[in-house]
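The chain contents come next:
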Amino acid sequence: MADLRVNFAGIKAPNPFWLASAPPTNSGYQVQRAFEAGWGGAVWKTLGEPILNVSSRFAGTHFNGQRVVGFNNIELITDRPLEVNLQEIYETKKKFPNHAVIASLMVEPKQEKWHEIVKKVQDVGVDGFELNFGCPHGMAERGMGSASGQVPELVEKQTYWAKEAAKVPVIVKLTPNITDITATAYAAVQGGADAVSMINTINSLAGVDIDTWKTIPNVAGKGAHGGYCGPAVKPIALNMVAECARNPEINVPISGMGGVSTWKDAVEFMLMGAGSIQVCTAAMHHGFSIVEDMVDGLNNYLDDKGIESVAGLIGQSVEKYSDWGHLDLNYKVVARINNDVCINCNKCHIACEDTSHQCIDMLTSENGNAYLEVREEDCVGCNLCSIVCPVDGAISMVEIPNGEPMTWNQRQEAIKLPICNS
Amino acid sequence: MSSYAEFLEEKKKIDELYEKGYTITAVREDLSGAYLTFERSKLDLNDIEEKIELHILTADTRKYFSNLIIAQQKELI
Ligand SMILES: Cc1cc2nc3c(=O)[nH]c(=O)nc-3n(C[C@H](O)[C@H](O)[C@H](O)COP(=O)(O)O)c2cc1C
Ligand code: SF4
Ligand code: SF4
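Residues numbered from 1 in each chain as written. Chains lettered and ligands numbered in written order. Predicted model: local features only at pLDDT ≥ 70, side-chain atom pairs only at ≥ 80, totals over all residues. Heavy atoms only, no water.

Draft legend 1. Focus on the overall build of chain B. For chain B, the count of helices and strands is 2 helices and 3 strands. Listing every helix and strand of chain B by position from the N terminus yields α-β-β-β-α. (Helix = DSSP H or I, 4+ residues; strand = E, 2+ residues; numbered from the N terminus.)

Set out below in structure tokens:
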């Protein structure tokens, strides 16, 4: 059994799976049940001045029979008074002293407001804070959440103010609604953040009902932009985590979230530098018990790999993530079709013929059977055919030896030099 | 014509110039592709010093001549 315990920026937890600040962590009842189910930590539903929510606030994106590939919400932060939350946080921490209880906070960008809330919440014994600079709707209109989280100076200042009063680690939760997340991550580090977390939800409109012409979701016929999360956002989140992890100036731990549904997703985030994992949509879709599979899966994976603890995994793939200019232009793969398993659906042929490089030929064998063959010399190795192929193992992408590596950067350097005529 | 066949044609032209003792001495790239300048030193007094320009169209050939230039520069070091 591997050691799943984590020490994330000084916050200790029995495992790296934490519930993200959202409906699953709205109350002590929920967080305590989550801990009983096996979650290692919880980031409490964002505390601040209690808000008013609208009814009809979530929408799911379903695709081809698969429910909730994406999830949209127009919910705001907690609607409960601070004292009620604090009492429940206190009780939860007393019952589960070894679990991580982190308080998510959001107030106006004013020094005294940050001092006030940090001090009040600290007194009940939280293990850390997470500053919510990411909520994209409702709060942003009031100058909070992503409105302040998109401005590096405000991120730095508010982090600094929170740090002035905080005695426990401060995590800064970043919004993905920005072109370059490393700019705000760096600002958080400059403000003294002990860690950063990402991503909050992505600006979204879930849909429009084509019969009623109303938005989805609609509130008495009207809609407003929401925040998108769930499996669909994982690649966006993973890139943002990786961009921060490989930036030497962002030298603080990263808590990764956005579309994590399984232990495998979690492993990917960890390999790309996440020291803890947060989950919201998957818990909302399937309930707290999903953590059992996550814990078992991670445990088995680490055992199989002969890795003793979670720490041995964190950041192992970061150096493999680089700039395009460092990629080897001479690296070559080609598609190869295994006609023993191919079901002749022709999807690969159509994809290559219509939208790639026209190099999958439809042929007929001597005994009259139709089969497909890739003209490897014309194949650019784009992977498209293997992506659209419905049969596992019918198309493999095979590496072809192709000489010494040559990156774009090396090439540009070489062709601009005066070339001697020897 | 398949793009591989186009590449082979362009590669052949480059290889033939190399066989004749030419090397690439300049590369200019623009919207129309790459223009390579080939030069060779005089072998004897009667030899005329010629510059030859080749217009390269395919991506594979642009990779190919880049590899040649890098190899050429490595040889010189
Ligand atoms: C309904 C809902 C409410 C949320 N409320 C908050 C919140 O109060 N504070 C916060 O920091 N993030 C909030 N989030 C964002 C999540 O914490 C998380 O960053 C996001 O959902 C991405 O993770 P996921 O793909 O696992 O859902 C909320 C998300 C959802 C779906
Ligand atoms: S990898 Fe791309 S170019 Fe090659 S056969 Fe498949 S679709 Fe065509
Ligand atoms: S998509 Fe896959 S199964 Fe369909 S014809 Fe191509 S190789 Fe065969």
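Resuming the write-up.
Draft legend 2. Geometry of the side chain of N72 of chain A. Residues and elements named next belong to chain A. Along the chain, N72 falls in strand β6 (residues 66-73). Side-chain polar atoms of N72 contact the side chain of S204, separated by 2.4 Å. Excluding its chain neighbours within four sequence positions, the residues that come into contact with N72 are R57, F58, A59, S204, L205, A206, P217, G226, G227 and Y228. (Polar contact = N/O pair within 3.5 Å; in protein donor to acceptor, adjacent residues only side chain to side chain. Contact = heavy atoms within 4.5 Å.)

Draft legend 3. View of the site of ligand 1. All names here are of chain A. Residues in contact with ligand 1 amount to 23 residues; listed here are only the nearest, S21, T46, K173, G259 and T281. One nitrogen or oxygen atom from the side chain of N132 is found 3.1 Å from a nitrogen atom belonging to ligand 1. K173 is positioned with one of its side-chain polar atoms (N or O) 2.8 Å from an oxygen atom of ligand 1. Within the complex, 99% of the 600 Å² of free accessible area of ligand 1 lies under protein. Where the shell around ligand 1 is concerned, the elements lending two or more residues are β4 (41-47) and β6. Considered class by class, the residues forming the shell around ligand 1 number 10 nonpolar, 10 polar and 3 charged. (Near = heavy atom within 4 Å. Areas by Shrake-Rupley, 256 points an atom, 1.4 Å probe, with all protein chains shown as cover. Nonpolar A, V, L, I, M, F, W, Y, C, P; charged D, E, K, R; others polar.)

Draft legend 4. Structural context of the interface of chain B and chain A. Across the contact, 22 residues belong to chain B and 16 residues belong to chain A. In total, chain B and chain A occlude about 1,600 Å² of area from one another, counting both sides; carbon and sulfur atoms represent 52% of this. Across the contact surface, chain B and chain A share 1 salt bridge. E29 of chain B is the salt-bridge partner of R411 of chain A, the closest N and O atoms lying 2.7 Å from each other. Joining chain B to chain A, the criterion identifies 8 residue pairs in polar contact (both at pLDDT 80 or more). (Buried area = accessible area lost by both parts, 1.4 Å probe. Salt bridge = Lys/Arg side-chain N within 4 Å of Asp/Glu carboxyl O.)

Draft legend 5. Broad picture of the packing of helix α13 (residues 408-416) of chain A against helix α2 (residues 59-76) of chain B. The geometry of α13 of chain A relative to α2 of chain B is characterised by a closest axis approach of 9 Å and an angle of 65 degrees between their N-to-C directions. Here α2 of chain B runs roughly perpendicular to α13 of chain A, going by the angle between their axes. Of the two possible hands of crossing, α13 of chain A and α2 of chain B adopt the one that is left-handed. Side by side, α13 of chain A and α2 of chain B meet where Q410, R411, A414 and I415 of chain A of the first sit next to R62, F65, S66, I69, I70 and Q73 of chain B of the second. Here the contact of α13 of chain A with α2 of chain B is built from residues that sort into 5 nonpolar, 3 polar and 2 charged. (Axes fitted to C-alpha atoms, helices over the stretch in contact; angles between N-to-C directions. Parallel < 35°, antiparallel > 145°, perpendicular 65-115°, else oblique. Left-handed = near helix turned anticlockwise from the far one by under 90°.)

Draft legend 6. Focus on a nonpolar patch on the surface. All names here are of chain A. Together, W324, L327 and W408 make up a nonpolar patch on the protein surface, roughly 340 Å² of accessible area in all. For L327, the position within the fold is in the loop between α10 (290-305) and β17 (332-337). On the basis of relative accessibility, which here comes to 45%, the residue L327 falls in the partly exposed class. (Patch = residues over 30% accessible without salt bridge, like charges linked within 9 Å, V, L, I, M, F, W, Y side chains within 5 Å. Buried < 20%, exposed > 50% of the residue type's maximum accessible area, 1.4 Å probe, protein only.)

Draft legend 7. Local environment of the site of ligand 2. Within the structure, ligand 2 sits among 15 residues, and C352, C379, C382, N383 and C385 of chain A are positioned closest to it. Looking at side-chain class alone, the shell around ligand 2 contains 11 nonpolar, 4 polar and no charged residues.

Draft legend 8. Structural context of the sheet that holds strand β2 (residues 33-39) of chain B. Residues and elements named next belong to chain B. Pairing within the open sheet is antiparallel, and its 3 strands lie in the order β1-β2-β3. Two strands close off the open sheet at either side, each with one partner strand: β1 (23-30) and β3 (51-56). Looking at each pair of strands side by side, their axes are set apart by 20 degrees on average, direction ignored. Pairing of β2 with β3 involves 6 bridges; the strand directions are antiparallel. In the strand pairing of β3, A34 is matched with I56. Lying on the sheet, helix α1 (residues 3-19) is in contact with β1, β2 and β3; it crosses β3 at an angle near 160 degrees. Along the sheet, α2 makes contact with β1, β2 and β3, crossing β1 at roughly 140 degrees. (Pairing = 2+ DSSP bridges.)

Draft legend 9. Region of the structure containing the packing of aromatic side chains. Summed over all chains, the structure comprises 9 aromatic pairs over all chains. For the pair F8 of chain A and W18 of chain A, a centre-to-centre distance of 5.6 Å together with 85 degrees between the ring planes defines the contact as edge-to-face. With a gap of 10 residues between them, F8 of chain A in strand β1 (residues 6-8) and W18 of chain A in strand β3 (residues 17-19) connect regions that are remote in the sequence. Looking at F8 of chain A, the relative accessible area reads 2%, which means it is buried. Taking the relative accessible area as the measure of exposure, W18 of chain A reaches 0% and is therefore buried. Between F7 of chain B and Y64 of chain B, the ring centres sit 6.1 Å apart and the planes meet at 80 degrees, which makes this aromatic pair edge-to-face. On the criterion of sequence distance, the pair formed by F7 of chain B in helix α1 and Y64 of chain B in helix α2 is long-range, its members being 57 residues apart. Cluster of aromatic residues (ring-pair linked, three or more members): Y4, F7 and Y64 of chain B. When the ring centre of Y35 of chain B is taken as reference, the NZ or CZ atom of R28 of chain B above it lies at 4.5 Å. (Phe/Tyr/Trp six-rings, centres within 6.5 Å; stacked < 30°, edge-to-face > 60°. Lys NZ or Arg CZ within 6 Å of the ring centre and 35° of its normal.)

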